[in-house]
Amino acid sequence: MANAHQAAGTPVEKISLLRVLGPAHVWALGVGIVLVGEYMGWNFSVGKGGAYAALIACWFAGLLYTCVAMIDSEVTSTVAAAGGQYTQAKHIIGPLMAFNVGLYLVFAYTMLEAANAITLAYLISQVAALSGYAGELNQTPFIVLTILFLAWLNYRGVLATLTFNLVITAVAFIAIIVLFLSTAFSGSLNHAGLMSGQAALPYGAIGVVAALHFGLWYYLGIEGTTQAAEEVRSPARALPFGTMAGIITLLIAATLTWYICSGLLPWEFLGDGVSGSVAPLFDASRLTGSTFLMVLLGIGTLFSTMASANGCINDASRAWFAMGRDHYLPQWFGAVHPKHRTPYRSIIFLVPIALLFALGAPLDQVITFSILSGLLEYTFMPINVILFRRKWPLDTIKRGYVHPFHPVPAIVLLCLCGVTFFAVFLGYGTQLIAMVAFYIVVSLWFHFWRYRFVKRGDQFTMPWPRPRGY
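Residues numbered from 1 in each chain as written. Predicted model: local features only at pLDDT ≥ 70, side-chain atom pairs only at ≥ 80, totals over all residues. Heavy atoms only, no water.

We now examine the packing of helix α6 (residues 85-92) against helix α7 (residues 95-130). Helices that pack against each other are described as a pair by the angle of their axes relative to one another and the distance between those axes. As a packed pair, α6 and α7 sit with axes 8 Å apart at the nearest point and diverge in direction by 175°. One way to sum up the angle between α6 and α7 is to call them roughly antiparallel. Contacts between α6 and α7 involve Q85, Y86, A89 and K90 on the former and, on the latter, M97, A98, V101, G102 and L105. The residue makeup of the contact of α6 with α7, split by class, is six nonpolar, two polar and one charged. (Axes fitted to C-alpha atoms, helices over the stretch in contact; angles between N-to-C directions. Helix = DSSP H or I, 4+ residues; strand = E, 2+ residues; numbered from the N terminus. Parallel < 35°, antiparallel > 145°, perpendicular 65-115°, else oblique. Contact = heavy atoms within 4.5 Å. Nonpolar A, V, L, I, M, F, W, Y, C, P; charged D, E, K, R; others polar.)

Here it is as structure tokens:
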């Protein structure tokens, strides 16, 4: 019957993503991806510059990501389609920028997913060690099973995926609050040792700059809320509310995390991610002597890594799907599952890439790959929002949200990104150069080969006046 209709020229209904998400799901997506940064990763900044350098990095990165959240809330609530910043670049700047931003998104989230799987397997091995099975547990099966299970969950549907994220993210956040309330007023925290000059800033001002690199880990991924733009019921309401509520949640959680861990753990142990602390909140809970807190923070660490990996699969697959749908990649990736209404081919395709990095790369290298890809994406945002306001002034199109103080957030964000690039160069200069070279090579591939498949005139899907070039 369907074939008969097609033969008669009757258009076939196009299968699209489902609009089933609300503000709480957007919050769960953004905070769920990031909250693992409070449980692990941020403490590498302590090793770079000391405990106070890590606090400065926390607030520095908080300002950077507040600017990101403000800019994204305006542009994405207006350009409400899957792909987030990729779709923004496609409409506002052009194909080459869109292609690069799409790759930044995919690699940032896929690398973060790999880091989460590594951390989850490490936590399970630590629990086994505490139970008397030290060195007897192989972490590889847990890495593989984590990625496969969460990919299957994403395959089955976005509502179930992000409802799951909502629950486990809330538990992980509450665990931080409980640990803070249990230690802050009991006299068990001791920050006196941080007051001496050597302990406070052991490497001086250059240590503060170096710490900025891993300070991003406190908030890395909050911009992932934009990937839900095509699946929320009301983009104009859900995206700004969920994103801004998310950054506020993370500012609180990041500050409390630093306060707790720096008061319980020696800074040398806290900053050594190899032989020292890998999961600082869990290690801090062990020093309280409370079995309840140790179990709660163990669960919180486990849930935060699962929530982050789960959200990363969601976001990376949406970006890859959107690029396939627009012919920036083979159109095969732009398919939507007829029953579950998910970009199932993109989800499946990214699984082996995540497994490759999770099983074959050191944790700090994986984290740096994710941070650098995210940082390249943030550098594009100021240009994006300035052009957006210039091409479509406030009174010409309807916006879901208007961020205040423009262009101050854009200028501040660009300056902070420049400083952070320098900080990354201090510790991982070779990797930074290699990644920039990689993105230049794939840009050339897109320009000389793939661009001919892109019909630029069909890319502009918003009901606005078309800018020059479309």
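Our focus in this paragraph is the nonpolar core. A general tendency of soluble globular proteins is for nonpolar side chains to be buried together. With 149 residues, the main nonpolar core has L35, Y65, Y219, I367, Y378, L413 and Y439 as its most contacted residues. Here the element with the most residues in this core is α7; it accounts for 17 residues. Once residues lying within four places of it in the same chain are set aside, the contact partners of L413 are L64, C67, V68, I71, Y378, M381 and P382. (Core = buried A, V, L, I, M, F, W, Y, C linked by side-chain atoms within 4.5 Å. Buried < 20%, exposed > 50% of the residue type's maximum accessible area, 1.4 Å probe, protein only.)

Each disulfide is one covalent bond, formed between the sulfur atoms of two cysteines. All chains considered together, the criterion is met by zero disulfides. Between C67, a free cysteine, and C417, which holds the nearest cysteine sulfur, the sulfur-to-sulfur gap is 9.1 Å. The buried category is assigned to C67, whose relative accessible area is 5%. Assessed through its relative accessible area of 0%, C417 is described here as buried. (Disulfide = S-S within 2.5 Å.)

Most of helix α14 (residues 280-287) is tucked away: six of the eight residues are buried. Every buried residue belonging to α14 is among P280, L281, F282, D283, A284 and S285, and all of these are buried. Looking at the buried positions of α14, the neighbouring elements they touch are α3 (36-39), α7, α9 (158-184), α12 (235-264), α13 (267-271) and α15 (291-325). A positive backbone phi angle near 80° is found at G289, which sits one or two residues after α14.

Before going further, it helps to examine the side chain of T420. Topologically, T420 is positioned in helix α18 (residues 408-448). Residue classification places T420 among the buried residues on the basis of a relative accessible area of 0%.

This paragraph deals with the pattern of salt bridges. The final tally for this structure, using the stated rule, is six salt bridges. Taking the shortest distance from any N to any O, the salt bridge between E74 and R389 comes out at 2.8 Å. Of the two residues, E74 is situated in helix α5 (residues 51-78) and R389 in helix α17 (residues 363-391); the sequence distance between them amounts to 315 residues. For R325, the salt bridge is made with E230, and the minimal N-O distance between the two is 3.0 Å. Here the residue R325 occupies a position in helix α15, and E230 occupies one in the loop between α11 (204-215) and α12, the gap between them amounting to 95 residues. (Salt bridge = Lys/Arg side-chain N within 4 Å of Asp/Glu carboxyl O.)

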